[in-house]
Amino acid sequence: MFSRVFAILPLALLVAAKAHSKARGGQCSNGTVQCCQSLQNAYNERELLTQHGVVVADAAAQGLVGVTCSPITAVGVGRGCSASQQTACCTGTDYNGLFNLGCSSLNAVI
C-alpha cells in the first residue's frame, strides 16, 4: 500500500505544480475561469466525488476540486464573483457546476 502511495506521489506533485503554473499571474491559459463556493483537496470531497464515479486519487492528481462553480462571463479575471466565492482556473472535467476538477486558485496570485 505504501509503495503505491510513494510511487504516485511524485506524479501527483508534478501535476499539481503544473496546474498551479497555468494560473500564474492571474491568468488562466489552459482552462476556464470559474467562481467557486470553495476550492478543496480531493480527499476532503471524497464522498461527493465517489457519488459521481470519480476516483479520488485521479481527482487529487489534477489539482484542487472546485465546489459549486459557475463560469465568469465578465471581462477580466476576478470580476463577477461574489465576496464569498473564490476565483479559480479549472482545467479538468466540469460536472455541471456541482464540482470541477483540476482547479487552482486565482485569488492567491492576483
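One structure accompanies this document, and this report is about it.

What counts and what doesn't
Residues numbered from 1 in each chain as written. Predicted model: local features only at pLDDT ≥ 70, side-chain atom pairs only at ≥ 80, totals over all residues. Heavy atoms only, no water. Helix = DSSP H or I, 4+ residues; strand = E, 2+ residues; numbered from the N terminus. Buried < 20%, exposed > 50% of the residue type's maximum accessible area, 1.4 Å probe, protein only. Contact = heavy atoms within 4.5 Å. Core = buried A, V, L, I, M, F, W, Y, C linked by side-chain atoms within 4.5 Å. Phe/Tyr/Trp six-rings, centres within 6.5 Å; stacked < 30°, edge-to-face > 60°.

Another aspect to go through is the environment of Leu98. Following the sequence through the fold, Leu98 ends up in the loop between strand S4 (94–95) and strand S5 (99–105). The class of Leu98 is partly exposed, set by a relative accessible area of 35%. Counting along the chain gives 30 residues from Leu98 to Thr68, while the straight-line C-alpha distance between them is 4.6 Å. Leaving out residues up to four positions away in the same chain, Leu98 has contacts with Leu48, His52, Gly66, Val67 and Thr68.

We now examine the nonpolar core. If you look at the biggest cluster of nonpolar residues, it comprises 10 residues: Ala42, Leu48, Leu49, Val54, Val56, Ala59, Val65, Val67, Phe99 and Leu101. Of all elements in the fold, only helix H2 (46–51), helix H3 (56–62), strand S2 (64–71) and S5 reach the threshold of two or more residues within this core. Every residue in contact with Val67, bar those within four places of it in the chain, is listed here: Cys36, Gln37, Ser38, Gln40, Glu45, Leu98 and Phe99. In this structure, Ile72, Cys81, Cys89 and Leu106 belong to the second largest nonpolar core, which totals seven residues.

Another point: the packing of aromatic side chains. In this structure the tally under the stated criterion is one aromatic pair. Plain terms: the ring middles of Tyr95 and Phe99 are 4.4 Å apart, the flat faces sit at 20 degrees to each other, and that makes the pair stacked. Owing to a relative accessible area of 27%, Tyr95 belongs among the partly exposed residues under this scheme. The exposure class of Phe99 is buried, given its relative accessible area of 0%.

Let's shift gears to the side chain of Asn100. Within the secondary structure, Asn100 is located in strand S5. You can call Asn100 buried: its relative accessible area is 2%. Each residue touching Asn100, except ones within four places of it in the same chain, is listed here: Gln34, Leu64, Val65, Gly66, Cys69, Cys90, Thr93, Asp94 and Tyr95.

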